[in-house]
Amino acid sequence: GAVVSQHPSWVICKSGTSVKIECRSLDFQATTMFWYRQFPKQSLMLMATSNEGSKATYEQGVEKDKFLINHASLTLSTLTVTSAHPEDSSFYICSARDFQGNSYNEQFFGPGTRLTVL
Amino acid sequence: GENVEQHPSTLSVQEGDSAVIKCTYSDSASNYFPWYKQELGKRPQLIIDIRSNVGEKKDQRIAVTLNKTAKHFSLHITETQPEDSAVYFCAARPTGYSSASKIIFGSGTRLSIRP
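None of these values were measured; they are calculated from a predicted model. (Residues numbered from 1 in each chain as written. Chains lettered and ligands numbered in written order. Predicted model: local features only at pLDDT ≥ 70, side-chain atom pairs only at ≥ 80, totals over all residues. Heavy atoms only, no water.)

Asker: Would you mind going over the sheet that holds strand β1 (residues 4-7) of chain B in detail, with residue names and values included?
Answerer: All names here are of chain B. Strand order in the open sheet formed by 5 strands is β1-β3-β8-β7-β6, with antiparallel pairing between adjacent strands. If you trace the sheet from one side to the other, it starts and ends with β1 and β6 (56-59), each paired once. Averaged over all pairs of adjacent strands, the angle between strand axes in this sheet comes to 15°, irrespective of strand direction. As judged from the 6 bridges shared by strand β3 (residues 19-25) and strand β8 (residues 72-77), these two strands associate in the antiparallel manner. Counted as the bridge partner of Val 20 is His 76 from β8. (Pairing = 2+ DSSP bridges. Helix = DSSP H or I, 4+ residues; strand = E, 2+ residues; numbered from the N terminus. Axes fitted to C-alpha atoms, helices over the stretch in contact; angles between N-to-C directions.)

Written as structure tokens, this is what we have:
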């Protein structure tokens, strides 16, 4: 089955620093990857849609200069939280869609990265 | 854009009884409706999905129904077991590969199974 990995699984950083999260599709090519954020006891909120080789499309209210997304290859997308603050502490989950799939194909989710900003 | 509403936010049922979670969506272009189960600190796991050309789908104790006219879809879990306790999310997505074709989640239902 399709596998999506994320690294790191958790990270603790000081306020003002930047943190990079990697999302990889291990056994398929993903032209599109999605980044979600989930606060405790809340739903997954889509932050941005990342297409390989092009700029990401951000959802309304998400600061593109704060959450930098790079999708340089068909198997890797990165999310960099710049100048992180305590309110950025959250569970960040990526998902990837199979390049070979039809219009109904499933999105596969990574295991998530728990970010804690002190 | 798509908006998905989910009810109830919490649900407690006796072990062995049935649980029903209901969702509505706003975008008539949505034609794929997955349901996810998420345990604490884990990734969402797809448990069942339905396309818009189907009214009902069943997989063992889990069934999903879709009323495209009313833009309603529901998850039914029968003979509930303790391991069914988790947070369940409905979602909707329009077809295609455009940037608009993204899964939008409902707010979630925390299901607790009482022994």
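Asker: Which residues make up the packing of aromatic side chains, and what values do they have?
Answerer: Counting across every chain of the model gives 12 aromatic pairs over all chains. Taking 6.0 Å as the distance between ring centres and 90° as the angle between the ring planes, the aromatic pair formed by B:Phe89 and B:Phe105 counts as edge-to-face. Residue B:Phe89 is found in strand β9 (residues 86-94), and its partner B:Phe105 is found in strand β10 (residues 104-105); the two are separated by 16 residues along the sequence. On the accessibility criterion, B:Phe105 (6% relative accessible area) is buried. Of the aromatic side chains, those joined through ring pairs into one cluster are A:Tyr36, A:Phe109, B:Tyr36, B:Phe89 and B:Phe105. Taking NZ or CZ as reference, A:Lys66 lies 5.9 Å from the ring centre of A:Phe67, over its face. (Phe/Tyr/Trp six-rings, centres within 6.5 Å; stacked < 30°, edge-to-face > 60°. Buried < 20%, exposed > 50% of the residue type's maximum accessible area, 1.4 Å probe, protein only. Lys NZ or Arg CZ within 6 Å of the ring centre and 35° of its normal.)

Asker: Quick one: what's the story with the sheet that holds strand β3 (residues 19-25) of chain A, residue by residue and with numbers?
Answerer: All names here are of chain A. Reading across the sheet, the 4 strands line up as β1-β3-β8-β7 and stay open at both edges, with antiparallel pairing between neighbours. Sheet topology places β1 (4-7) and β7 (67-73) at the edges, where each strand pairs with a single neighbour. Direction aside, neighbouring strands of the sheet carry axes that sit 15° apart on average. Both β7 and strand β8 (residues 76-81) contribute to a ladder of 5 bridges, which runs antiparallel. Pairing of Ser 73 across the sheet is with Leu 76, part of β8.

Asker: I'd like a description of the nonpolar core, backed by residues and values.
Answerer: B:Trp35, B:Phe73, B:Leu75 and B:Phe105 are the most contacted members of the largest nonpolar core, which has 39 residues in total. Looking at which element gives the most residues to this core, the answer is β9(B), with 7 residues. The residues touching B:Phe105, leaving out its near neighbours within four places in the chain, are A:Tyr36, A:Ser43, A:Leu44, A:Phe109, B:Val4, B:Tyr36, B:Phe89, B:Cys90 and B:Ala91. Of all hydrophobic cores here, the second largest spans 25 residues; its members include A:Val4, A:Val11, A:Leu79 and A:Cys94. (Core = buried A, V, L, I, M, F, W, Y, C linked by side-chain atoms within 4.5 Å. Contact = heavy atoms within 4.5 Å.)

Asker: Would you mind going over the state of the cysteines in detail, with residue names and values included?
Answerer: Two cysteines, two sulfur atoms, one covalent bond between them: this is a disulfide. All told, the structure shown has 2 disulfides over all chains when counted by the stated rule. Across the disulfide, A:Cys23 is cross-linked to A:Cys94 (sulfur-sulfur distance 2.0 Å). Here the disulfide of A:Cys23 and A:Cys94 is right-handed, its torsion about the S-S bond being about 80°. Remark: A:Cys94 occurs in strand β9 (residues 90-97) and A:Cys23 occurs in strand β3; sequence separation between them is 71 residues. For the pair A:Cys23 and A:Cys94, a shared accessibility class is recorded, and that class is buried. Covalent S-S linkage joins B:Cys23 and B:Cys90, the inter-sulfur distance amounting to 2.0 Å. The S-S bond linking B:Cys23 to B:Cys90 shows a torsion near -100°; that makes this disulfide left-handed. Here B:Cys90 lies in strand β9 and B:Cys23 lies in strand β3, a separation of 67 residues in the sequence. With no disulfide of its own, A:Cys13 has A:Cys94 as its nearest cysteine by sulfur position, at a separation of 18 Å. The buried category is assigned to A:Cys13, whose relative accessible area is 9%. (Disulfide = S-S within 2.5 Å.)

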